[in-house]
Amino acid sequence: MNENYIKTLNTTVNEVSVRMKSLAKYYPFFKIMNGKYSKGEYENIDAGEVCMGIISFLFYEGKLKAQHISFVNIQDYLQMFVEKVYGIKLIGDSLYKFTNDTIDIIQNSEGRGFDIGFPIFMPEIQNVKYVINKSSDSGIKEFELTPSAIDFFLETKEFGEESKITISLLILKKLIEHNEYESALISLTNVNAEVIKQIARVYEIEMALMYGGSLGYKSFLEYRELADKHQAEEEKLFSETMEQIRTLREDYATKVSKSQFGEKEINAFRCLDEMDKELNKTVELHQQLLGKLVILSRKANEISRKKKINLLRPSFDFSTHLDKLGQIGSAKSMEYMAMPFFLLNIQKSFALSKINEMLDFGVDSPSKDDVNLQNTEIAITINTDKFNNEIRERVIHNYKYIINYFFDLLKDRDSFIMGDVIMEADEYTRENIFKNPDFIGLILDFLRLNEETVISDEEGKKDKGNSSLEKVLKDIYMDRLENYKIKIETINDSYIEIALGFRMTNVIIRKV
Amino acid sequence: MDSNTKTALEIFSNMIRNIPVNGKTNKDLYRSLLTNSIVAAELDEIVEMFQLELYITETEGAFVIAKANNKVFGYTNEELRSRLGTKNNKELYLCYFAIYCVIATFYIQSNYRTQVEYITSKSLLDRVEDKLTVLANNTNIENGEDSSFKEMHKYWMNEMNESNNRNKETVDFNEKRGKTRLTLINKTLAFLVENKYMDKDEYTSRYSIIPKFEYIVERFFDDADTKTVLQRLLDEEIEEQRGNINA
C-alpha cells in the first residue's frame, strides 16, 4: 500500500466509468473490424476498412448532402470503392452478396447492433448501432447514420492533433471569462496532458525519422511545419491566460476584503491560486517541448545525411548470413561475430626458449653465443657469472674442509657411522662441520657419485654437473697423497638428527 | 616526442588496458581527444595500425574494438571458456550462437532495428533451440568438429537438460548452475550484462540492449574489414567441403 497513490487512485476510480462511456462510440468499430466475409471469396478485403468507407459515404452523401441512401446506392459505391482500393472487380451476384455481407457486419445480428459493457466500470449499454434503417415515403429502405456513428466519425479525423493545445487553451480562457473556475482548473489538466503528449510525440517522430525512410522524413516535416505554425499562437495564448489569472487573483486579493468572502469567493480564489501554479508548470513543459523540437530539427539534418551515406553501403543481414552458415554447417565464424563483445586481451606469455636461456646463463654451454662472450675483449661481464663463481668457490672451500675432516676421522679406522660421530662431536665440530650449509650437499653429491661410477662415459659425467665434488676430490687426493679414497653409503632405515627437527639418512663412510 | 603524439599514445595505452577514457575517468585525456583534432587524428592512425576500431560515444567515452582481421589482440580458447564459464568448446560455440541470436532478435540488418523491446531467458532459449534445430537438420554435411551445427545440436539436446527442474512449474529462469541449457543462456546473458551491453531489469528479468550494444552492432558488421573476413571464412569452408566431397 503506497500512501502517495491514494489521491490518484480515487481520481482514477471516479473517472474510469466516464472515460469508458466516452469510448462507447468506438466499440462497435472494434467489433466490426473482426467481421469476416464468406471465406475464400474476399479474403484480402478487410472488413474494418470497408466499413469505414461505408460510414464515410453515409456521412458525406447522406448527412452533409442530405441524400436518401438505399441499398442500391451503397452497392454502387462499394463496387467503386473495392475496385479502387483493392483492385477487385465485383459484379452481379458477388457484388450483391458482398454488399449484403458488409451491411450485416455493420448492423450486426439482424440489425440489433452491439451490446457493450464492462463488469465494474460500465454497466451494459445495449444495442449500440452505427447504421439504422428508415422507411422512405416510397417504401424503399433507407440507411442512415446514428449519432454515435457521427461522433465516432468526427473523432477519427476532424481535429488535427497539433492544434489541440491551442483549442484547450481557448477553452480554458473561455471558462475563466465565465468565472467557471472549477471547470477551468480541470481543463488545465487537459492542456498539460496535451503538452506532455506532444513531448512524447517528439520521440516517435525521431524514431520515424531514423527508421521510417522517406515517409518518416515526410511526417517529420509535417510535424515541424505545424509546430512552427502553432508555436507563436500558443505562446501568445499562454501569456494572455496567465495575465488573466493573475489579474483576477489580484482583484480578489485587493478589492474584496476577506471578511466579505463567501463560500463561492473562497473557492474561486483557491482555484485561481492553483491555476496559477499549474499554468507555470505548463509553460515550463511547453518550453521543454519547443527545446526538443529545436534539437530534433538539428538532428534531422544529421540523420538524413547519415542515411544518405548508409544507403550506399550494403548492410549486413543477419538472417541471410545464418542461412549461408547453415549450408556450410559450421559455426566457426561465429567466434568472429562474438569477438567485438570481449574486452581486448594482450596475451602475456613467456616463451619456453627464453626461460631456458635465463637458466643456462653463465654455465659452460657449447652454444656459439657463450663462446663469443668469453673470447671477445668487448664482452660485457654479466653479474650472474660472477655470482655463480662466488657460489662455486664457497662450495669448493666448504667441501674441502669437510672432506679433510673425514680423512682425519679415517686415520685410525676403516669406516665410521655418521650418526655416531655426530652424537659424540663437540660444539666446535658441530658448528663448523655438521651445521655447515654445504654438509648435506656434500653427502648427496657423494651418494650421487656412487650411481655415476656405473656410467663409464667420460663426457657424460662432465655434463652431470658434479664437477664441484670431482674437482675437490681430485685436489684433495693430490694434496694428501693417501692410498685410499672415500666412499659414502646410506644405511637403510636409519636416520640422524642433525639439528632440531632436521633428519637425514644415516650414512657410513669407509675407506676404499 | 610531440605532446600531441604523447597524449594520443596515453589514451591508446589506457584503452588497450581496458581502462575507461570518458567524462568521469581520465577526464583530461577525454577532453583533449574531443577538442584537439591533432590528437584525434594521431590516435586514429595508431588505432588503425593495431587493426582496431575507435568508437566514441557520449555514455561510454572512447573505447576500441578489435577488427575482425586483428592479429595482435586475441584469446586462447581456454581463456574464452573461462570468460563465459563454459566447460568445453561445444558449449563455447553454443554461447557464440546465443550471442548471435540476441543480435538477430534486435536487428534485421545492421542498420535496421526490429520492434523488439526486450527478451527473457526463456524467449532466448526457445529461439536458440529453434534456430539450432533448423540449422542442424538442414545440412547433410557430416562434420565431426565442435563447431559444426550438428554436433552443437547433438550436445544441446542429449547432454544438457532444459533446466535443473524437471517439473516445469518450479523452474527458476535465472538459474546459473549445472549443465543445463537455461544455465548456458543465463551465463551468456550475464556476460553481456556484466560488460555493459545489456541491461537486466531485476523485477521482471527482462533483458534489453543499451547504447553500447547498438553502437557496436551497427558499426562492426557494417565495417568492410568484417565483411571481408567473414566472406573469406565462408569461402574457405566451402572450399574445404568441396575438397572433402571430392576426396
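A short tour of the structure in this document, coming up.

About the criteria used
- Residues numbered from 1 in each chain as written.
- Chains lettered and ligands numbered in written order.
- Predicted model: local features only at pLDDT ≥ 70, side-chain atom pairs only at ≥ 80, totals over all residues.
- Heavy atoms only, no water.
- Axes fitted to C-alpha atoms, helices over the stretch in contact; angles between N-to-C directions.
- Helix = DSSP H or I, 4+ residues; strand = E, 2+ residues; numbered from the N terminus.
- Parallel < 35°, antiparallel > 145°, perpendicular 65-115°, else oblique.
- Contact = heavy atoms within 4.5 Å.
- Nonpolar A, V, L, I, M, F, W, Y, C, P; charged D, E, K, R; others polar.
- Buried < 20%, exposed > 50% of the residue type's maximum accessible area, 1.4 Å probe, protein only.
- Arc of directions from axis to C-beta.
- Pairing = 2+ DSSP bridges.
- Patch = residues over 30% accessible without salt bridge, like charges linked within 9 Å, V, L, I, M, F, W, Y side chains within 5 Å.
- Areas by Shrake-Rupley, 256 points an atom, 1.4 Å probe, with all protein chains shown as cover.
- Salt bridge = Lys/Arg side-chain N within 4 Å of Asp/Glu carboxyl O.
- Polar contact = N/O pair within 3.5 Å; in protein donor to acceptor, adjacent residues only side chain to side chain.
- Buried area = accessible area lost by both parts, 1.4 Å probe.
- Phe/Tyr/Trp six-rings, centres within 6.5 Å; stacked < 30°, edge-to-face > 60°.

**What about the packing of helix 4 (residues 71-86) of chain A against helix 5 (residues 92-107) of chain A?**
All names here are of chain A. Direction vectors running N to C along helix 4 and helix 5 enclose 105°, while the axes themselves pass 10 Å from each other. Viewed along their axes, helix 4 and helix 5 adopt a mutual orientation that is roughly perpendicular. Taken together, the residues of helix 5 that come into contact with helix 4 (itself represented by Phe-71, Ile-74, Gln-75, Leu-78, Gln-79 and Val-82) are Leu-95, Tyr-96, Phe-98, Thr-99, Asn-100, Thr-102 and Ile-103. Of the residues assigned to the contact of helix 4 with helix 5, the class counts are eight nonpolar, five polar and no charged.

**A word on unusual backbone geometry**
Residue and element names in this part refer to chain B. At Asn-18, a residue that is not glycine, the phi angle is positive and equals roughly 60°. The phi angle at Asn-26 is positive, at roughly 55°, despite the residue not being glycine. Along the chain, Asn-26 falls in the loop between helix 1 (3-16) and helix 2 (27-35). In this structure Asn-26 comes out as partly exposed when scored by relative accessible area, which is 26%.

**Some words on helix 6 (residues 147-155) of chain A**
All names here are of chain A. Of all the positions in helix 6, only Ala-149, Phe-152 and Phe-153 are classed as buried. Taken down its axis, helix 6 places every buried residue within 100° of arc, on the same side. Residues of helix 6 that are buried in the fold lie against helix 2 (27-33), helix 3 (47-64) and strand 4 (141-145).

**As for the sheet that holds strand 5 (residues 415-417) of chain A**
Residue and element names in this part refer to chain A. With antiparallel pairing, the three strands of this open sheet are ordered in space as 5-7-6. Where the open sheet ends on each side, the last strands, each with one partner, are strand 5 and strand 6 (486-499). Direction aside, the axes of adjacent strands within the sheet are offset by 20° on average. In this structure, strand 5 lies alongside strand 7 (residues 502-511), joined through three bridges in antiparallel fashion. Counterpart to Phe-416 in the pairing with strand 7 is Ile-509.

**Remarks on the pairing of strand 6 of chain A**
Residues and elements named next belong to chain A. Relative to strand 7, strand 6 is paired through nine bridges, and the arrangement is antiparallel. Within strand 7, the residue paired with Thr-490 across the bridge is Val-507. Counting the residues that bridge the hairpin from strand 6 to strand 7 gives two residues, and of these Gly-501 lies at a positive phi of roughly 75°.

**Some words on a nonpolar patch on the surface**
Residue and element names in this part refer to chain A. Where nonpolar side chains cluster on the molecular surface, the patch consists of Leu-9, Val-13, Phe-118, Ile-120 and Phe-121 and spans about 480 Å² of accessible area. Mapped onto the elements, Phe-118 comes out in strand 1 (residues 114-118). Given the relative accessible area of 34%, Phe-118 is considered partly exposed.

**What about the environment of A:Tyr130?**
Residues and elements named next belong to chain A. When you line up the elements, Tyr-130 lands in the loop between strand 2 (122-128) and strand 3 (131-135). Once the C-alpha coordinates of Tyr-130 and Phe-29 are considered, the two residues, 101 residues apart in sequence, prove to be 8.8 Å apart. Of note is the side chain of Tyr-130, whose polar atom sits 3.5 Å from the backbone nitrogen of Phe-29.

**Side note on the interface of chain A and chain B**
Taken together, the contacts link 34 residues of chain A with 59 residues of chain B. Of the roughly 4700 Å² buried between chain A and chain B, counting both surfaces, carbon and sulfur atoms make up 66%. The three residues of chain A that bury the most area against chain B are A:Phe318, A:Phe341 and A:Leu344, which together make up 19% of that side's buried surface. Between chain A and chain B we count nine residue pairs in polar contact (both at pLDDT 80 or more) in total. Contributing elements (two or more residues each) for the side of chain A that touches chain B: helix 11 (318-328) and helix 12 (334-338) of chain A. Among the elements that make up the side of chain A that touches chain B, the one with the highest residue count is helix 11 of chain A (eight residues). Here the residues of the side of chain A that touches chain B sort into 19 nonpolar, ten polar and five charged.

**Notes on the pattern of salt bridges**
All names here are of chain A. Evaluation of the coordinates by the stated rule reveals 25 salt bridges over all chains. Where Asp-408 meets Lys-411, a salt bridge forms, and the shortest distance between an N and an O atom there is 3.7 Å. Its salt-bridge partner being Arg-480, residue Asp-408 comes within 3.4 Å of it at the nearest N-O pair. Residue Asp-408 is found in helix 15 (residues 383-409), and its partner Arg-480 is found in helix 20 (residues 467-480); the two are separated by 72 residues along the sequence. Residue Arg-480 is classed as partly exposed on the basis of its relative accessible area, which comes to 23%.

**A word on the packing of aromatic side chains**
Applying the stated rule across the entire model yields 31 aromatic pairs over all chains. Their ring planes at 35° and their centres at 4.6 Å tell us that A:Phe59 and A:Phe153 sit as a pair that is tilted. Remark: A:Phe153 occurs in helix 6 and A:Phe59 occurs in helix 3; sequence separation between them is 94 residues. Judged by relative accessible area, A:Phe153 falls into the buried class, the value being 8%. Both rings, one in A:Phe407 and one in A:Tyr477, keep their centres 6.1 Å apart while their planes meet at 85°; by these two values the pair is edge-to-face. Of the two residues, A:Phe407 is situated in helix 15 and A:Tyr477 in helix 20; the sequence distance between them amounts to 70 residues. Given a relative accessible area of 0%, A:Phe407 falls into the buried group. A connected cluster of aromatic rings, assembled from ring pairs, spans A:Phe316, A:Phe318, B:Tyr100, B:Phe220 and B:Phe221.

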